[in-house]
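# Chains, contacts and geometry: an overview
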Amino acid sequence: MGFFAKYLGASLGWSFGGPIGAIIGFVLGSVVDGLGDSNGSFEYRTENSRQQNRPFRRPQRTESGDFELSLLVLAAVVIKADGKIDQRELKYVRDQFIHMYGTARAQKAFKLFNGIIKKNDISTRQVCMQIRQNMTHASRLQLLHFLFGISKADGHVNEKEVQMIQKIAGYLYINNRDFESIKAMFYSSSNNAYKILEIDKSATNTEVKKAYRRLVKKHHPDKLQHLGKEHLKGAEEKFRQIQKAYETIQKERGM
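None of these values were measured; they are calculated from a predicted model.

Before going further, it helps to examine the environment of Met-255. Examined against the element boundaries, Met-255 turns out to sit in the segment after helix 13 (232-253). The spacing of Met-255 and Lys-209 is 46 residues in sequence and 9.9 Å in space, taken between C-alpha atoms. Residues within four places of Met-255 in sequence aside, it is in contact with Asn-205, Val-208, Lys-209, Tyr-246, Ile-249 and Gln-250.

In this model helix 5 (residues 87-101) runs 21 Å from its N-terminal to its C-terminal C-alpha over 15 residues, within 8% of the 21 Å that 1.5 Å per residue would give. By the burial criterion, the buried members of helix 5 are Glu-89, Leu-90, Val-93, Phe-97, Met-100 and Tyr-101. The buried residues of helix 5 all sit within an arc of 105 degrees when viewed along its axis, so they share a single face. The inward-facing, buried residues of helix 5 abut helix 4 (64-79), helix 6 (103-117), helix 8 (137-151) and helix 9 (159-171). Between a side-chain oxygen at the N-terminus of helix 5 and the backbone nitrogen of Arg-88 the separation is 2.7 Å; the capping residue is Asp-86. In the segment just after helix 5, Gly-102 is the residue with positive phi, at about 90 degrees.

At a minimum axis distance of 9 Å, the contact between helix 4 and helix 9 shows a crossing angle of 140 degrees. When helix 4 is examined against helix 9, the residues Leu-74, Val-77, Val-78 and Ile-79 are found in contact with a partner set consisting of Glu-161, Met-164, Ile-165 and Ile-168. A class-by-class count of the residues in the contact of helix 4 with helix 9 yields seven nonpolar, no polar and one charged.

It is worth spelling out helix 4 at this point. Taking 1.5 Å per residue, 16 residues should reach 22 Å; helix 4 reaches 22 Å between its end C-alpha atoms and fits that length. With 16 of 16 residues buried, helix 4 is to be regarded as a mostly interior element.

Another aspect to go through is the packing of aromatic side chains. What the rule picks out here adds up to six aromatic pairs. Ring centres of Phe-97 and Phe-146 lie 6.2 Å apart, and the angle between their planes is 80 degrees; this geometry places the pair in the edge-to-face category. Residue Phe-97 is found in helix 5, and its partner Phe-146 is found in helix 8; the two are separated by 49 residues along the sequence. Note on accessibility: Phe-97 and Phe-146 belong to one class, buried. Judged by centre distance (5.7 Å) and plane angle (20 degrees), the rings of Phe-148 and Phe-186 are stacked.

Right, let's get into unusual backbone geometry. Of all residues except glycine, most have a negative phi; of all peptide bonds, most are trans. The backbone of Tyr-173 shows a phi angle near 60 degrees, a positive value even though the residue is not glycine. Tracing the backbone shows Tyr-173 in the loop between helix 9 and helix 10 (176-184). Residue classification places Tyr-173 among the exposed residues on the basis of a relative accessible area of 58%. One non-glycine residue, Glu-198, lies in positive phi territory at about 65 degrees. Secondary-structure assignment places Glu-198 in the loop between helix 11 (192-196) and helix 12 (205-219). Since its relative accessible area comes to 12%, Glu-198 is described here as buried.

The rules behind these values
- Residues numbered from 1 in each chain as written.
- Predicted model: local features only at pLDDT ≥ 70, side-chain atom pairs only at ≥ 80, totals over all residues.
- Heavy atoms only, no water.
- Helix = DSSP H or I, 4+ residues; strand = E, 2+ residues; numbered from the N terminus.
- Contact = heavy atoms within 4.5 Å.
- Expected span 1.5 Å × (residues − 1).
- Buried < 20%, exposed > 50% of the residue type's maximum accessible area, 1.4 Å probe, protein only.
- Arc of directions from axis to C-beta.
- Polar contact = N/O pair within 3.5 Å; in protein donor to acceptor, adjacent residues only side chain to side chain.
- Axes fitted to C-alpha atoms, helices over the stretch in contact; angles between N-to-C directions.
- Nonpolar A, V, L, I, M, F, W, Y, C, P; charged D, E, K, R; others polar.
- Phe/Tyr/Trp six-rings, centres within 6.5 Å; stacked < 30°, edge-to-face > 60°.

Below, the structure is given as C-alpha cells:
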C-alpha cells in the first residue's frame, strides 16, 4: 500500500466513499506522481460501488481524515471562485495545515491539494451533501470558519469567494445567522461584535449575556474533541473571537 493510502486510510471513515472519495481517487490515480497505480496501492470506492459489494453502513463518527479531506476539497472550490488561483491563499492553506498537522503530514496533504485544485468538475453540492449527512453542525461551522480564513489570506475578503462560501453554507444547512456571525469575524466594522454574537445593537444587556452564553455553547471547542487535538486550534481561535466580541460590548456599555 502506498504511503498516501497509509497517510489517509488510518483516519478515514465516510469520506473514503461518495463524491469526496471519487475526487481523491481520481487525483491519486491520475495526478499525484502515479501514487494511485493500477496495482492497488490506493483503492477508493464511491458510495455506489460500496453498495454493490456490501450494504452501505454510514459510520457513526467523523474521523480526523474525513474533516481534512473535506477541508481540501472545499478550499479548492473557494480559491477558484474568483477565476484565479492566488498564491497567498495557497500559502494560507499550506501554513494552516502545517499548524494543524505538522510539516510531514501537511506536505502530503498539500501535494494532494495541488491535484484537487486542478480538477475542474467538482460538484460542490454533492460534496456538501456528503459532508452534511455525516458531519456534526459544530464541525460544519468550523469548516466555514476555515474557508473565510482562506478568502481573507490575500488581505481582503473577495466578494465572489464570499458568494461561494455562502452557497456552501446553504448546502451544509448552516443558517444565515450563523453564516453572518462567522463572516463578521473576518471584517473590521464598528458593529462586528454584535454581528458575531448574532444580535442587533439595540439588544438589552440581558439579551447580550444570553446571546454570549448561546454562542459559547454552540462553538465550544469541546464539540470538536472527536476530530483530534489538531482541529481544536482553529476552534479555539473562533471561540476567542466570540469572547473578544463579548468583552468589546461589555466595555462599550460598562457592563
